Amino acid sequence: MKKYACLLFLGFIASQMLAQKPVSEADYYTLKTIAIPEGAVLEVGGLAPLPDGRLGVSTRRGEIWIVENPYMLNGTEPHFKRYASGLHEILGLAYKDGAFYCTQRGELTKISDTDGDGRGDLFECVYKFDLSGNYHEYAYGPVFDSNGDMYVTLNVAWIGYGESLAKWHGWLLKIKPNGQMEPIAAGLRSPAGFNINSKGEIFYAENQGDWVGSGRVTHLEKGDFAGNAGSLNWTNQPGSPIRLTKAELSKVDDGRPMFEAAKTIKEMKLPCVWFPHGLMGISTADMLEDNTGGAFGPFSGDQFVADQGHSKIMRMTLEKVNGEYQGACYPFREGWASGLLRLRWGIDGSMFGGMTSRGWASTGKKDYALQRLVWTGVVPFEMKNVSARADGFVIEFTKPVDKDLAQKAANYQFSSFTYKYQHQYGSPIIKQGNCPLQGIIVSEDGKTIQVVLDSMREGFIHEIKLKDLKAADGTALLHDFAYYTMNSLPTGAKTMLSDAQKVKAMPASHQHHGGAMPSAPSGKKKSKAAGKTSTLGKNLNTQPADWSQPDVALNIGTKPGLKFDREMITVKAGQKVKLVFNNNDDMQHNLVLTLPGEASEIGAKAMGLGLKGPEMFYVPSNPKVFAHTKILDPGTTETIYFVAPDKPGDYQFVCTYPGHYLVMQGILRVQ
Ligand SMILES: [Cu+2]
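In this text, all values refer to a predicted model and were calculated from it rather than measured experimentally.

J.: Break down the overall build of the protein chain for me, with residues and values.
T.: A tally of helices and strands in the protein chain yields six helices and 43 strands. Along the three orthogonal principal directions, the C-alpha set of the protein chain runs to about 80 × 65 × 55 Å. Relative to its 671 residues, the protein chain shows a buried fraction of 59%. When contacts within the protein chain are restricted to residue pairs at least 6 apart in sequence, those whose partners lie at least 24 apart make up 64%. In the protein chain, which carries 71 positive and 69 negative side-chain charges, the distance between the mean positions of the two groups comes to 4 Å.

J.: I'd like to hear about the domain arrangement of the protein chain, residue by residue, with values.
T.: Per the domain assignment, the segments of the protein chain are domain 1 (31-375), domain 2 (383-523) and domain 3 (533-670). Look at where the C-alpha atoms of domain 2 and domain 3 centre, and you get two points 36 Å apart. On the domain 3 side, the residues contacting the ten residues of domain 2 number eleven residues. Summed over both sides, the interface of domain 2 with domain 3 buries roughly 800 Å², with 69% coming from carbon and sulfur. In this structure, the connection of domain 2 to domain 3 is made through zero salt bridges. Our count for the contact surface shared by domain 2 and domain 3 stands at two residue pairs in polar contact (both at pLDDT 80 or more). Classifying every residue of the side of domain 2 that touches domain 3 gives seven nonpolar, two polar and one charged.

J.: Lay out the coordination of the copper ion in plain terms, naming residues and giving numbers.
T.: Distances from the copper ion to its protein donors, His589 (ND1), Cys655 (SG) and His660 (ND1), fall at 2.0 to 2.1 Å. Of note, the donors binding the copper ion are all from one chain and are spaced H-x65-C-x4-H. Of this pair, His589 sits in the loop between strand S38 (576-583) and strand S39 (592-594) while His660 sits in the loop between strand S42 (649-654) and strand S43 (665-670), and the two are 71 residues apart along the sequence. By relative accessible area, which is 0% here, His589 ends up buried.

J.: If you had to explain the sheet that holds strand S15 (residues 181-185) to someone new, which residues and values would you point to?
T.: Read across the open sheet, the four strands follow the order S10-S11-S14-S15; overall the sheet is antiparallel. Of all strands in the sheet, those with a lone pairing partner are strand S10 (139-144) and S15, marking the two edges. Pairs of neighbouring strands in the sheet enclose a mean axial angle of 25 degrees, with direction left out of account. Bridging between S10 and strand S11 (residues 150-154) involves four bridges; their strand directions are antiparallel. Directly across from Tyr140, in S11, lies its bridge partner Thr153.

J.: Go over the nonpolar core, please, and point to the residues and values.
T.: Ranked by internal contacts, the top residues of the largest apolar core, which has 55 residues, are Val217, Leu249, Met268, Phe275 and Tyr421. Residue assignment places this core across two domains, with domain 1 (31-375) and domain 2 (383-523) each supplying three or more.

J.: Please provide a residue-by-residue account of the confidence of the model for the protein chain, values included.
T.: Considering every residue of the protein chain, the mean pLDDT works out to 92; 92% of them sit at 70 or more. When the criterion is pLDDT under 50, residues 1-6 qualifies, and its contacts beyond four places in sequence or with other chains add up to one contact. Note on residues 508-534: pLDDT is under 50 here. Beyond four places in sequence and across chains, it has 32 contacts.

J.: Let's hear about the pairing of strand S16 (residues 193-196): which residues, and what values?
T.: Side chains Gly193 and Asn195 of S16 all project onto a buried face; the interleaved residues Phe194 and Ile196 project onto the opposite face, where all are buried too. Sheet topology note: the S16/strand S17 (residues 202-206) ladder contains four bridges and is antiparallel. The partner of Gly193 across the bridge, within S17, is Ala205. Hairpin geometry of S16 and S17 is characterised by an intervening segment of five residues between the two adjacent antiparallel strands and by a positive phi of about 85 degrees at Gly200.

J.: Let's hear about the pattern of salt bridges: which residues, and what values?
T.: For the structure on display, the rule yields 29 salt bridges. Residues Glu182 and Lys222 are paired through a salt bridge, measuring 2.5 Å at the closest nitrogen-oxygen approach. Of the two residues, Glu182 is situated in strand S15 and Lys222 in the loop between strand S18 (215-220) and helix H2 (246-250); the sequence distance between them amounts to 40 residues. In this structure Glu182 comes out as partly exposed when scored by relative accessible area, which is 28%. Put simply, Lys266 and Glu267 hold a salt bridge, and the shortest N to O gap is 3.1 Å. A residue is classified by how much of its surface remains accessible, and Glu267, at 13% relative accessible area, is buried. A network of salt bridges, in which partner residues are shared, links Glu598, Glu601, Lys605 and Lys624.

J.: Give a detailed account of the sheet that holds strand S22 (residues 312-321), specifying residues and quantitative values.
T.: Strands in a sheet are paired, the pairing made by backbone hydrogen bonds, and the direction either parallel or antiparallel. The sheet built from eight strands is open, its strands ordered S20-S21-S22-S23-S34-S33-S29-S30 with antiparallel pairing. Strands with a single pairing partner mark the edges of an open sheet, and in this sheet they are strand S20 (284-289) and strand S30 (429-434). Averaged over all adjacent pairs, the angle separating strand axes in this sheet is 25 degrees, with direction ignored. By the bridge criterion, six bridges tie strand S33 (residues 460-466) to strand S34 (residues 481-486) in an arrangement that is antiparallel. Bridge pairing in S34 places Lys465 opposite Phe481.

The rules we used
Residues numbered from 1 in each chain as written. Predicted model: local features only at pLDDT ≥ 70, side-chain atom pairs only at ≥ 80, totals over all residues. Heavy atoms only, no water. Helix = DSSP H or I, 4+ residues; strand = E, 2+ residues; numbered from the N terminus. Buried < 20%, exposed > 50% of the residue type's maximum accessible area, 1.4 Å probe, protein only. Contact = heavy atoms within 4.5 Å. Lys, Arg positive; Asp, Glu negative; His and termini not counted. Charge placed at Lys NZ, Arg CZ, Asp CG, Glu CD. Domains from an automatic or database assignment. Buried area = accessible area lost by both parts, 1.4 Å probe. Salt bridge = Lys/Arg side-chain N within 4 Å of Asp/Glu carboxyl O. Polar contact = N/O pair within 3.5 Å; in protein donor to acceptor, adjacent residues only side chain to side chain. Nonpolar A, V, L, I, M, F, W, Y, C, P; charged D, E, K, R; others polar. Donors = N, O, S within 2.8 Å, 3.2 Å for Na, K, Ca; no water. Pairing = 2+ DSSP bridges. Axes fitted to C-alpha atoms, helices over the stretch in contact; angles between N-to-C directions. Core = buried A, V, L, I, M, F, W, Y, C linked by side-chain atoms within 4.5 Å. pLDDT = per-residue confidence, 0-100.

If you want it as structure tokens, here you go:
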């Protein structure tokens, strides 16, 4: 208690200081790195904090370690002891009543230390998983429910598309301690993260892929189909709570939004929150509900969602509208050391993050890492919650807002969009439109702002962008955007606005002030088309008419782990080049040729394209780019033609798909 009061006091002092300078995530949440001893390759697959303060860690190398003193109290070193080894890729770990439970590739295993020497010595199979041997048949869990039953999820295989080659892959399964299994939900693709919240409800996070336009979180109940077709191979099996077939699903496989597909496929469960690809993250992983009672900051009851590829965590808030969950996602804390796969609470309300990036590259550069995220005691100025109304949103903040800034219409921007539901990999952003702001109502205490909007759309993701808002104490907003998934528009009367609350019609030139958004269909068509042309001119797919033949033909492919299959290619100055880019990986990629030393800047600019990114193939319109491909789906090829620069040097090629540029680069040497 005393420590907590002290924290609050320090927090008060720090917040007074912060009000004076730009804010960063590290001002509020500190990452502490847990030193891993040499000899331990801690590619974390699972984390299980023990009640006595030690931490169980399972690895993709098939080991389980017990870390003593993971909190590094008084600056002392942690101590690692190997509890088990020789297991097969343990991607999930739990601890209950003195035993560890883990998912290996082929089974759910209970491990006990019967002689008390600190090493597991009794290995019991609880339930065996069917396997085809495909590399993509990952198994996750277990997560215990309050009855002591376990839940696991199984990935579909990857054979150029997601397919369930062995029974129950693509499913959420419930397994009793005696090994009795009950299939619960289907349609899962790559369910690396799932949890059971304090109400006993199951949520799982999905990665972009085939049938999955973007990352998302879905509330799963028995009989739900979450969208990926592979799992439907087993709906004819005894015990399946779902009867849906691939043939029935193919009838809606025409690129219509998932919201529309769900109108005819009654088993289909819509995500409660979409995490727009590249804008919020690129590969959702573990989930964790904030049940720390305030020890982790002002977000009690929210859920945190890890992103493996972007080495960060995001935050999610939910509300029930017309009987189903929907809600919003927000950025939270980036800068983790490696690919963030697992999240668990420590006994002090800090958050452990277990990381690995082998084969699943990440913006955090380390191959593996273990870190702990600790609240500094300072409350950040954030959107705490976004809640839907029939004609807008109520945005709640962690602190009272500066009311003058909150009244300015130019500080808000709203739009909506969705994705295709299709068997192809991922989706472009489609059906985008603006939601003009009509009214602003700031609450008396300054903690909430109600915005009244035009053109809200059921079934769409709504982007909420705030600019230049400050707290009443002068603190800048830490994150200024959120995405709300509007599966259902709340019913209710239209908000009555007083004259003071009504937004005055702005001059047309201010309508899209400073935003990253393309304008509405009727809007600034000219500038948009111009931007597109200058980029597309560098994407020549046919041999120029004045070439009799190319001087040189090159091939570049992709490899798993965000790599090109060649690190350097060499051409002569001024040569006519034909380049075949072959994407043999299981993710989308492009290839962008830049001036020497400019690849990272172009990659960073690509991430800043926002909602415009997909339609521009994530290629910024920039003179430092001299040729590029489009975004290639897995297993596809594109041929481009360009003339090598006249000036010799080490030019670069880079994939500008969001987040990939940090690692996916090579050299085009011009001699
Ligand atoms: Cu890429």
